[in-house]
Amino acid sequence: MKNIKLKMLCALAFCSTAIAAPGLTVKGTELQYNGKKIFFSGANLAWSDYNSDVGDSPLNENAWRKAVEGTRAAGGNAIRWWLFNNMSQSPEIDQTTHLVSGLKANTINNMKKALDIAEEYGVMVSMCLFSHNLMEPNQWGLYNEKLDITANTQLFEDAGTKAFIDNALIPVVKAIGNHKALMTWEVFNEPEGMTSEGWTTKKLDKATLQKFTNKVAAAIHTENPELLVSTGSVNIKYQAWWNDAALVAAGGEAKGTLDFFQTHYYPYYQDDAVSPFVNTAAQMATKYGYDNKPMIIGEFPASGWAGETYKSTFAAKTQITTEECYRKAFDGGYAGALAWQYIGDKTEANFGGYTYTIDPALKAMTALAATEEASIKIKDATIDNTTGDGKMA
């Protein structure tokens, strides 16, 4: 009888292991890690050196490590990172054809190093390929001198898309593979900003962006079907643009769909109707007609918008603290919340003149982890807080 019970227990254990999905996977509207629900609690470290984190120069390992440490010390598990952004520094562009021709010297090395450091602490990274800045010739400082707007425009034409996929995307995807710290390849940061709905100087059609997203997602999924692809929408009201049917209709690639969604929210110009902190994930999916997939809140102000950080001129009328943001995201059925951003306690004029300090977000992550660690912690980690604070100068 004991032998029969032992065999039954072994069989159950085997079955449990067999059906548990390895690594990060999607189940309905949940993200799961090793078969269990995971909530991504973290922050944006969009860059340590704007546009240049994956170019010719080595990675600023100190800044990256301290941001990862700071996030993990607060009980968090996720960072969102911009890669090629507006293409002014990388990838390599042929000066004659204006097509992407390869990668810069440290592109792959820096990506691997960043992910290796993140994996040490049990932090996963959303790797964002491009931003709306592609269609903005007037960049900050020296970047408008180096931005090749012809190359950026051609990126969305058939030859340009193919050149990027063949010469940059696939080499990177192959090199990174199934890295334990890779959360997702995120196609865009706020692509709607490049359309007539947005603010960039040059405009693209919605269908053009949908086609590009379809082609990029298909290339990644074809190269490695286990990898997850997403994109970071500027406003949840546009989320249906990125539905499976819309992407396949635009680009024709059946594999070119997103595995989960990301949305952004800023109370300064977005009202309560589109706030993921006022409405649950299920309510939003019904209201705005997007596919039932996991939804991460990929950007929101780390300072919150309540009391001293709230103004009556904001579009949002419901005041919400940073701690409430993380709590409401978790309770509201979202798959994560990533505050903007790890740049330190200062006002960044290029982001609307509002103060983005990470400290309230770190405290809020700590509060959430105190009760929800089982859905957040990926692994134990040793935190060294003896040097620096990881904040951007």
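In case you missed it, the structure is sitting above this.
Below you will find a few notes about this structure. (Residues numbered from 1 in each chain as written. Predicted model: local features only at pLDDT ≥ 70, side-chain atom pairs only at ≥ 80, totals over all residues. Heavy atoms only, no water.)

### Observations concerning the overall build of the protein
Here is the rule we go by: Numbering of helices and strands runs from the N terminus; a helix is a DSSP stretch of H or I covering at least four residues, while a strand is a stretch of E covering at least two. For the exposure calls, accessible area comes from a 1.4 Å probe over protein chains only, and a residue counts as buried if that area is under 20% of its type's maximum, exposed if over 50%, partly exposed in between. Only heavy atoms enter the contact rule, under which two residues are in contact if any of them lie within 4.5 Å. Accessibility throughout is a Shrake-Rupley quantity obtained with a 1.4 Å probe, and a residue counts as covered only by protein chains that appear here.
Counting its regular elements, the protein contains 11 helices and 15 strands. Within the protein, the fraction of its 393 residues that count as buried is 56%. Partitioning the contacts of the protein with sequence separation of at least 6, the portion at a separation of at least 24 is 77%. Summed over all atoms, the accessible surface of the protein reaches about 16200 Å², with 51% contributed by carbon and sulfur.

### Comments concerning the sheet that holds strand β10 (residues 229-233)
Condition: Two strands qualify as a pair provided DSSP detects at least 2 bridges between them. An axis is simply a line fitted to the C-alpha atoms; with a helix, the fit covers only the stretch in contact. Between two such axes, the angle follows the N-to-C directions and lies from 0 to 180 degrees.
Sheet architecture is closed into a barrel: eight strands sit in the order β4-β5-β8-β9-β10-β11-β12-β13, paired in parallel fashion. Within this sheet the neighbouring strands show an average axis-to-axis angle of 25°, counted without direction. Strands in contact with helix α2 (residues 61-73) are β4 (40-44), β5 (78-85) and β8 (124-131); relative to β5, the strand with the most contacts, it is inclined by about 150°. Running at roughly 155° to strand β13 (residues 336-339), helix α10 (residues 322-331) makes contact with β4, β12 (295-299) and β13 of the sheet.

### Some thoughts on the sheet that holds strand β1 (residues 24-27)
Strand order in this open sheet of three strands is β1-β2-β3, and the pairing throughout is antiparallel. Where the open sheet ends on each side, the last strands, each with one partner, are β1 and β3 (36-37). For β1 and strand β2 (residues 30-33), the ladder comprises four bridges, and the chain directions are antiparallel. Bridge pairing links Thr-25 to Gln-32 in β2.

### Remarks on the nonpolar core
The tendency in soluble globular proteins is for nonpolar side chains to be buried as a group. The cut-off we apply is this: Definition used in this section: a nonpolar core is a set of buried Ala, Val, Leu, Ile, Met, Phe, Trp, Tyr and Cys residues joined via side-chain atoms within 4.5 Å.
Trp-64, Phe-130, Phe-164 and Trp-185 are the most contacted members of the largest nonpolar core, which totals 103 residues. The biggest single contributor to this core is helix α6 (residues 158-176), with eight residues. Sequence-distant contacts of Trp-185, that is, excluding residues within four places in its chain, are made with Leu-83, Met-111, Met-127, Leu-129, Val-172, Val-173, Ile-176, Ile-220, Leu-227, Leu-228, Val-229 and Ser-230. Of all hydrophobic cores here, the second largest spans 13 residues; its members include Leu-24, Leu-31, Ile-38 and Ala-335.

### Quick look at the pattern of salt bridges
If the charged atoms of two oppositely charged side chains come close together, the side chains can form a pair. Applied cut-off: Counted as salt bridges are all cases of a side-chain nitrogen of Lys or Arg within 4 Å of a carboxyl oxygen of Asp or Glu.
Going through the model one piece at a time under the given rule, you end up with 12 salt bridges. Taking the shortest distance from any N to any O, the salt bridge between Lys-66 and Glu-69 comes out at 2.5 Å. Placement of the pair is Lys-66 and Glu-69 together in helix α2, with a separation of three residues, close to one helical turn. Note on Glu-69: relative accessible area 3%, which makes it buried. Ionic pairing is found between Lys-211 and Asp-158, a salt bridge with its closest N-O pair at 2.8 Å. Of this pair, Lys-211 sits in helix α7 (residues 206-223) while Asp-158 is found in helix α6, placing the two residues 53 residues apart along the sequence. Judged by its relative accessible area of 54%, Asp-158 falls in the exposed class. Where salt bridges share partners, they join Arg-80, Glu-186 and Glu-299 into one cluster.

### Details of the packing of aromatic side chains
Our working rule: Stacked, edge-to-face and tilted labels apply to pairs of Phe, Tyr and Trp rings (six-membered ring for Trp) whose centres lie within 6.5 Å, assigned for plane angles under 30 degrees, over 60, and everything in between, in that order.
Here the structure, examined in full by the defined rule, presents 27 aromatic pairs. Considering the side-chain rings of Phe-188 and Phe-212, the 5.5 Å spacing of their centres and the 40° angle between planes classify their relative orientation as tilted. Here the residue Phe-188 occupies a position in strand β9 (residues 182-189), and Phe-212 occupies one in helix α7, the gap between them amounting to 24 residues. With respect to burial, Phe-188 and Phe-212 carry one shared label: buried. A centroid spacing of 6.2 Å and a plane angle of 55° characterise the contact between Trp-241 and Trp-242, whose relative ring orientation is tilted.

### So, the environment of Ala-207
On the secondary structure map, Ala-207 appears in helix α7. Here Ala-207 falls in the partly exposed class, since its relative accessible area comes to 45%. Separated by 44 residues in the primary sequence, Ala-207 and Gly-251 place their C-alpha atoms 8.6 Å from one another.

### Describing unusual backbone geometry
Residues other than glycine predominantly adopt negative phi, and peptide bonds predominantly adopt the trans conformation. Cis rather than trans, the peptide bond between Ser-90 and Pro-91 has omega equal to 5°. Counting through the fold element by element, Pro-91 comes out in the loop between β5 and β6 (92-93). Even without being glycine, Asn-34 reaches a positive phi, approximately 50°. Following the sequence through the fold, Asn-34 ends up in the loop between β2 and β3. Here Asn-34 falls in the partly exposed class, since its relative accessible area comes to 43%. One non-glycine residue, Met-87, lies in positive phi territory at about 65°. Relative to the elements of secondary structure, Met-87 occurs in the loop between β5 and β6. On the basis of relative accessible area, Met-87 is assigned to the buried category, the value being 3%.

### Some details on the packing of α2 against helix α3 (residues 107-121)
Condition: An angle counts as roughly parallel when it lies under 35 degrees, as roughly antiparallel when it exceeds 145, as roughly perpendicular when it falls between 65 and 115, and as oblique in every other case. Take the far helix as your reference; a near helix turned counterclockwise from it by less than a right angle gives a left-handed crossing, and one turned clockwise gives a right-handed crossing. Three classes are used: nonpolar for Ala, Val, Leu, Ile, Met, Phe, Trp, Tyr, Cys and Pro, charged for Asp, Glu, Lys and Arg, and polar for all others, with Gly counted as polar.
At their nearest, the axes of α2 and α3 sit 10 Å apart, and the two run at 30° to each other. On the basis of their axis angle, the class for α2 and α3 is roughly parallel. In this structure, the crossing between α2 and α3 has a hand that is right-handed. Here Glu-61, Trp-64, Arg-65, Val-68, Glu-69 and Arg-72 of α2 lie close against α3, whose contacting residues are Lys-113, Ala-114, Ile-117, Ala-118, Glu-120 and Tyr-121. Tallied by class, residues from the contact of α2 with α3 come to six nonpolar, no polar and six charged.

### Details of the side chain of Ser-131
Position of Ser-131 relative to the elements: it lies in strand β8. In this structure, Ser-131 is in contact with Trp-82, Asn-85, Asn-189 and Met-194, ignoring residues within four places of it in sequence.

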